[in-house]
Structure formats: C-alpha cells, structure tokens
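# Examining the three-dimensional arrangement
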Amino acid sequence: MSKRLLLVAACALVDADGRVLISQRPEGKALAGLWEFPGGKLEPGERPEETLIRELREELGIEVEEACLAPLTFASHAYEDFTLLMPLWICRRWQGAPHGKEGQAVKWVLPTKLRDYPMPPADEPLIPMLIDLVPGR
C-alpha cells in the first residue's frame, strides 16, 4: 500500500551574520514544539517558489522576490501515514523584519548550532548542507 506524497517547500533565510532563521511549531499542530525552516504545503496549481513567497509573507511578514530564492537541496522522509518531500531554497535578501505572525517563536541560529534545537525528522538532513554552505563564525 503506497502512502500519499506531501510536497512542502521550505526556505533557509540567511542573514548578514550567517545565521539561519528557524521557527517553532505552535501548540495544536503536528510536531508542536519542534523547530523548523519556514515554509509550507503547496496549494493546488502552485509552484514551490510561489508557495514560499506566500508562506514567508503569511508566517513571517516579509516580502521575497522569486529571483532571490536559490534551490539548495531536498529531503524525503517517510512518516507513518505519508511521505514528505521537501525541497529547500536559500534566501539572503528580503524586505521587512521576520517575526512570528502566527504566534510562533522565531530564532536566528548559526548553522553549526542548528542541532541544538529539536527538529522534525525531515528537517534534520538539511543541516549538513547549511553548515557546508554557511561557514560558522
């Protein structure tokens, strides 16, 4: 029996100090309390880049142009009732100051410190790529 495939786009926002933004999943959601890269599920007919632009506006109150999104890597994880496929983009330019518009905590973290924050299993394989890409200071 095959599991349904869930496509979720995520973004690693990287600031001028080489830190990556993570947000905490709020109470009441699956995997509540875990930290993740911002993003979300694709809406029908939506391209992943469009999803990220929409989700970053809705979740963090920032504006991102598609040209500022660079594909980095992806993760695949088989949860009990679905398989998650999550492409990860990196973004170094946006307008506005990211903040948790949905009540979620947000934090800027050096890539080498990302493992200090409990993350969903699908997010964890993305950490080494970010460590390689954004050298710690």
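Along each chain, numbering runs from 1 in the same order as the chain's sequence is written. The predicted origin of the model limits local features to residues at a pLDDT of at least 70 and limits the giving and counting of side-chain atom pairs to 80 or more, whereas totals for whole chains, interfaces and linings rest on all residues. Side-chain measures were taken over the full set of non-hydrogen atoms in the model, leaving aside hydrogen atoms and water.

To continue, consider helix α1 (residues 48–60). Counting from the N terminus, the helices are the DSSP runs of H or I reaching at least four residues and the strands are the DSSP runs of E reaching at least two. Given the number of residues in a helix, its expected span is that number minus one, multiplied by 1.5 Å. Between its first and last C-alpha atoms α1 spans 17 Å; for 13 residues at 1.5 Å apiece the expected length is 18 Å, and the two agree. Exposure classes here rest on a 1.4 Å probe applied to the protein chains alone. A residue is buried below 20% of its type maximum, exposed above 50%, and partly exposed in between. Those residues of α1 that sit buried are E49, T51, L52, I53, R54, E55, L56, E59 and L60. Of the residues trailing α1, G61 is marked for its positive phi of about 70°.

Moving on, we come to the environment of T51. Mapped onto the elements, T51 comes out in helix α1. Sequence separation of T51 and A10 is 41 residues, and the distance between their C-alpha atoms is 8.9 Å. Not counting residues up to four positions away in its chain, the partners in contact with T51 are A9, G40, K41, L42, E43 and E46. Note on definitions: a residue-residue contact is assigned when non-hydrogen atoms from the two residues lie within 4.5 Å.

Quick look at unusual backbone geometry now. Here the phi dihedral of L31 falls at roughly 60°; this positive angle occurs in a residue that is not glycine. Summarising the element assignment, L31 is placed in the loop between β2 (20–24) and β3 (35–36).

This part is about the pairing of strand β5 (residues 69–78). When DSSP finds two or more bridges between a pair of strands, those strands are recorded as paired. By the bridge criterion, nine bridges tie β5 to strand β6 (residues 82–91) in an arrangement that is antiparallel. Bridge pairing in β6 links A78 to T83. Taking the residues that link successive antiparallel strands as the turn, the β5-β6 hairpin has three residues.

This part covers the packing of aromatic side chains. Aromatic contacts are taken between Phe, Tyr and Trp rings whose centres are within 6.5 Å, Trp giving its six-membered ring; a plane angle under 30 degrees counts as stacked, one over 60 as edge-to-face, and the others as tilted. This model, assessed by the stated rule, comprises three aromatic pairs. A ring pair is formed by W35 and Y117, whose centres lie 5.6 Å apart and whose planes are at 75°; its orientation type is edge-to-face. Taken together, the residues span a long stretch of sequence, with W35 in strand β3 and Y117 in the loop between β7 (106–109) and α2 (127–133) at a distance of 82 residues. For W35, a relative accessible area of 10% corresponds to the buried category. Accessibility expressed as a relative area gives 22% for Y117, which makes it partly exposed. Aromatic pair W94 and W108: ring centres 5.9 Å apart, planes at 15°, arrangement stacked. Of this pair, W94 sits in the loop between β6 and β7 while W108 is found in strand β7, placing the two residues 14 residues apart along the sequence. A residue is classified by how much of its surface remains accessible, and W108, at 25% relative accessible area, is partly exposed.

It is worth spelling out the sheet that holds strand β1 (residues 4–13) at this point. Judged by pairing direction, the sheet is mixed, and its four strands sit side by side in the order β4-β1-β6-β5 without closing on themselves. Of all the strands in the sheet, just β4 (39–41) and β5 have a single pairing partner and so form its edges. Within this sheet the neighbouring strands show an average axis-to-axis angle of 20°, counted without direction. Across eight bridges, β1 lies against β6 in parallel orientation. Each bridged residue has a counterpart across the sheet, and for L7 the counterpart in β6 is L85. Axis angles are defined between N-to-C directions and span 0 to 180 degrees, where every axis is a line fitted to C-alpha atoms and, for a helix, only to the segment in contact.

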